[in-house]
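Examination of the molecular architecture
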Amino acid sequence: MRLGALVPCLVFLATVGVAATTTPAANPAPQVLRELAPLRVRHAHAIPANVDAQVLANLFAAEARSDFDVAVSSGTILCDVKTCRVALNVRLPETTAPARLSFAVASPKGELSEVRHAECLTSFCTVQLVLERGRNVIAVGAADGLTRGSGFATTQIVADAPASAQQRKAEWF
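Report on the accompanying structure. (Residues numbered from 1 in each chain as written. Predicted model: local features only at pLDDT ≥ 70, side-chain atom pairs only at ≥ 80, totals over all residues. Heavy atoms only, no water.)

1. Examining the overall build of the protein chain
What counts, and what does not: Helix and strand labels come from DSSP, where a helix needs a run of H or I of at least four residues and a strand needs a run of E of at least two; each type is numbered from the N terminus. Whether a residue is buried, partly exposed or exposed follows from its accessible area with a 1.4 Å probe, protein chains only, as a fraction of its type maximum: under 20%, in between, or over 50%, in that order. Residues count as neighbours in contact if any of their non-hydrogen atoms are within 4.5 Å of one another. Per-residue accessibility takes into account occlusion by the displayed protein chains alone, with areas from the Shrake-Rupley method and a 1.4 Å probe.
A tally of helices and strands in the protein chain yields three helices and seven strands. If you list the helices and strands of the protein chain from N to C, you get α-α-β-β-β-β-β-β-β-α. Classification of the 173 residues of the protein chain by burial places 28% in the buried group. When contacts within the protein chain are restricted to residue pairs at least 6 apart in sequence, those whose partners lie at least 24 apart make up 64%. When the accessible surface of the protein chain is split by element, carbon and sulfur atoms take 59% of a total near 12,500 Å².

Structure follows, in structure tokens:
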């Protein structure tokens with residue numbers, strides 16, 4: 001009984017073994033050995049990730065630490081019913097351009113935005129931000145890819161319609 005099940009298995013193994021050893025290799029593939037360069041660990045993502053984390057932390061900090069100065073000012077403010085479009089001017093030192101800018105906003109309700117990015121190729125850049133009406137805290141970070149330095153600034157902007165527009169609305173109603 002036991003040999004009845006064992007014999008077909010042995011026959012199968014014998015045919016597979018014979019087929020593997022008797023099959024001639026028509027064209028053996030040449031083996032090409034490539035020498036790989038040593039693995040280099042790059043920290044290209046470390047600087048922007050650190051800048052993004054510091055930008056979020058600066059929303060709550062009293063003073064932002066920096067390797068270089070970043071000046072932030074608001075430009076024109078155009079408001080809709082619930083939001084305002086604010087032109088934000090960012091000035092960097094002449095030696096840091098080009099830089100990658102990071103922005104984060106704390107809304108009047110205390111909600112935090114995601115960190116957004118923009119490339120600044122010169123020492124003066126203007127970025128359009130859409131903010132909720134009210135007092136918004138804006139944190140800005142700039143990462144200089146050449147010197148690996150970073151600069152930060154925080155500002156508060158009261159996003160609301162100009163007083164003249166509010167007076168005109170009052171006249172109509």
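2. A few points about the sheet that holds strand S5 (residues 124-132)
Backbone hydrogen bonds hold the strands of a sheet together, and the pairing may be parallel or antiparallel. Stated precisely, the cut-off is as follows: One requirement defines pairing of two strands: DSSP has to find at least two bridges between them. The convention used is that axes are lines fitted to C-alpha atoms, helices contributing only their stretch in contact, and that angles between N-to-C directions extend from 0 to 180 degrees.
Spatial ordering of the open sheet is given by S1-S2-S5, a layout of three strands whose pairing is antiparallel. The open sheet terminates on both sides in strands that have one partner only, identified here as strand S1 (71-79) and S5. Here the strands of the sheet are splayed against their neighbours by 25 degrees on average, with no regard to which way each runs. Across nine bridges, the pairing between strand S2 (residues 83-91) and S5 is antiparallel. When the bridges of S5 are listed, Cys84 appears paired with Leu131.

3. Some points on the nonpolar core
For soluble globular proteins, nonpolar side chains are generally found buried alongside one another. To be explicit about the condition: Each nonpolar core is a collection of buried residues, namely Ala, Val, Leu, Ile, Met, Phe, Trp, Tyr and Cys, held together in the definition by side-chain atoms within 4.5 Å.
By size, the foremost hydrophobic cluster in this structure holds 22 residues, and its most contacted members are Leu92, Leu101 and Ile138. Of all elements in the fold, only S2, strand S3 (99-106), S5, strand S6 (134-144) and strand S7 (150-159) reach the threshold of two or more residues within this core. The residues contacting Ile138, other than those within four sequence positions of it, are Leu59, Leu88, Ala104, Val105, Leu129, Leu131, Ala153, Thr154, Thr155 and Ile157. In terms of nonpolar packing, the next biggest core, distinct from the first, is built from ten residues, Val51, Val55, Val115 and Val137 among them.

4. Digging into the environment of Cys79
Here Cys79 shows up in strand S1. Residue Cys79 is classed as partly exposed on the basis of its relative accessible area, which comes to 23%. C-alpha separation for the pair Cys79 and Arg133, spaced 54 residues apart in sequence, amounts to 7.9 Å.

5. Topic: the sheet that holds S3
The sheet built from four strands is open, its strands ordered S4-S3-S6-S7 with antiparallel pairing. This sheet does not close on itself; its edge strands, each paired only once, are strand S4 (116-120) and S7. In this sheet, adjacent strand axes meet at a mean angle of 25 degrees when their direction is disregarded. With eight bridges joining them, S3 and S6 adopt antiparallel strand pairing. Across the sheet, residue Leu101 finds its bridge partner in S6, namely Ala142.

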